Amino acid sequence: MGFFDFMTEDIAIDLGTANTLIIHNGKVVIDSPSIVARNRITGKIIAIGKEANLMQGKTHENIKTIRPLKDGVIADFQASEEMIKEFVKQIPSIKKKLFPPALRMVICIPSGITEVEKRAVRDSAKHMNAKEIYLIYEPMAAAIGVGIDIMEPKGNMIIDIGGGTTEIAVIALAGIVCDQSVKVAGDLFTNDIMYYMRTQHNLHVGETTAEKIKITIGAATEDLETPPEDMLVQGRDLLSGKPKQVQVSYREIAKALDKSILRIEDAVMETLSKTPPELAADIYNTGIYLAGGGSMLRGLDKRLSRKTDLPVYVAEDPLRAVVRGTGIALKELDKYKNVLMK
């Protein structure tokens, strides 16, 4: 067993719809967009991650960019497998080895996932030389990553807004008491912006540009204390077909995203209304924690706080909260064994 231990590498994976993150030896070694570019004719994968992301929306018919995960679950089995394999190969300390080492993995999955989808994740991992596979629910990993002591008999509420899904959960005694998984998240925000630009400005913008708008001037409310500068957006004019540029303010983006954010608010309210009274009392004192890339939307914390009348805290480095938690669970397997699923 000793020799086998020596040959085994531990990795924690946050397999996200938008980004895949991997922790190895306590460090984030991979932080890349979950996207692959494939040659249509040979079927070979040309690029993954950041490289493939730059190609998105700019391909000719022989190249196809694929996002293997949709709504937090594996949609394209083969592509997701090749993507993870490549990412694992890119880990510096594994790259150096002569033989591909056996792996011990912890992978996080959305809480609203079905058994079939769980099995897809497991099978993917098995094909990659994983000897031991543990799964952990995303809100649980996020809670550990934010720094909540999940073992205590105390209620905490965590909202993880990712690319494909928003996970809302109340956690106590190392378990999820009530949770809600809604398919309103970063990707939908991006689509809302594309739709808004098309209908209000007659401007056709691509996904990459829409995402840039979201990051640069995206907002959840129209009354920000420190508003971002207006942004110049280029795209194609729907009427003349010519390339054109328009100026967009954060207020417009707040309007564009309003409906989707309402749906997140409703889901939060519904989860709160299902929370047992003792835990509700705890949450009144501890407040709500936000994690995931979507929590970086300007004014979202304020807006949720207004809606729920509770303090809302955004995790530090929210993009990495989930993978941090997954990494901690992996490092202290014995402590967290009740949280992990074989």
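Source: prediction; values computed, not measured. (Residues numbered from 1 in each chain as written. Predicted model: local features only at pLDDT ≥ 70, side-chain atom pairs only at ≥ 80, totals over all residues. Heavy atoms only, no water.)

### As for the sheet that holds strand E13 (residues 175-182)
Across the sheet, five strands lie side by side as E13-E12-E11-E17-E18; this open sheet has mixed pairing. Unpaired on one side and paired on the other, E13 and strand E18 (312-314) mark the two borders of the sheet. Within this sheet the neighbouring strands show an average axis-to-axis angle of 20°, counted without direction. Its contacts with the sheet place helix H11 (residues 300-308) against strand E11 (156-161), strand E17 (288-291) and E18, and it is angled at close to 160° to E18. (Pairing = 2+ DSSP bridges. Helix = DSSP H or I, 4+ residues; strand = E, 2+ residues; numbered from the N terminus. Axes fitted to C-alpha atoms, helices over the stretch in contact; angles between N-to-C directions. Contact = heavy atoms within 4.5 Å.)

### Concerning the packing of aromatic side chains
A full pass over the atoms with the stated rule returns one aromatic pair. Aromatic pair Tyr 289 and Tyr 313: ring centres 5.5 Å apart, planes at 35°, arrangement tilted. Highlighted residues: Tyr 289 in strand E17 and Tyr 313 in strand E18, separated in sequence by 24 residues. Its relative accessible area of 40% is what places Tyr 313 among the partly exposed residues. (Phe/Tyr/Trp six-rings, centres within 6.5 Å; stacked < 30°, edge-to-face > 60°. Buried < 20%, exposed > 50% of the residue type's maximum accessible area, 1.4 Å probe, protein only.)

### Some details on the domain arrangement of the protein
For an interface, size is often stated in terms of accessible area lost upon the parts coming together. Parsing the protein into structural domains produces domain 1 (5-141 + 322-341), domain 2 (155-184 + 259-316) and domain 3 (186-256). For domain 1 versus domain 3, the distance between C-alpha centres works out to 31 Å. (Domains from an automatic or database assignment.)

### Describing unusual backbone geometry
In this model, Asn 25 sits at a positive phi of 55°, which is unusual for a non-glycine residue. Relative to the helices and strands, Asn 25 resides in the loop between strand E2 (19-24) and strand E3 (27-33). Under the relative-accessibility criterion, Asn 25 is labelled exposed at 60%. Positive phi, close to 50°, is recorded for Asp 71, a residue that is not glycine. Mapped onto the secondary structure, Asp 71 falls in the loop between strand E7 (69-70) and strand E8 (73-74).

### Let's talk about the nonpolar core
Judged by nonpolar contacts, the single largest core of 45 residues is most densely connected at Ile 159, Phe 189, Met 197, Ile 213, Val 233 and Val 268. No other element matches helix H9 (residues 250-274), which puts nine residues into this core. Ignoring any residue separated from it by four or fewer positions in sequence, one finds Phe 189 in contact with Ile 161, Val 184, Lys 214, Leu 257, Ser 260, Ile 261, Ile 264 and Leu 297. By size, the runner-up hydrophobic cluster in this structure holds 30 residues, among which are Ile 66, Val 73, Val 121 and Ala 130. (Core = buried A, V, L, I, M, F, W, Y, C linked by side-chain atoms within 4.5 Å.)

### Some details on the pairing of strand E1 (residues 8-15)
With seven of eight residues buried, E1 lies mostly within the body of the structure. As paired strands, E1 and strand E9 (residues 102-109) are joined by seven bridges and run parallel to one another. From the neighbouring strand, Asp 14 faces E9, where its bridge partner is Cys 108. Where E1 hands over to E2, the hairpin turn is made up of three residues, counted between the paired strands.

### Concerning the side chain of Ser 124
Mapped onto the secondary structure, Ser 124 falls in helix H5 (residues 115-126). Apart from the residues lying within four places of it in its own chain, the contact partners of Ser 124 are Ile 74, Phe 77, Ser 80 and Glu 81.

### With respect to H11
Since the α-helix turns once every 3.6 residues, residues separated by three or four places project in the same direction. Burial in H11 covers these residues: Leu 300, Arg 303, Leu 304 and Thr 308. Taken down its axis, H11 places every buried residue within 120° of arc, on the same side. The secondary structure elements touched by the buried residues of H11 are E11, H9, E17 and E18. Two residues or fewer after H11 comes Asp 309, characterised by a positive phi angle close to 60°. (Arc of directions from axis to C-beta.)

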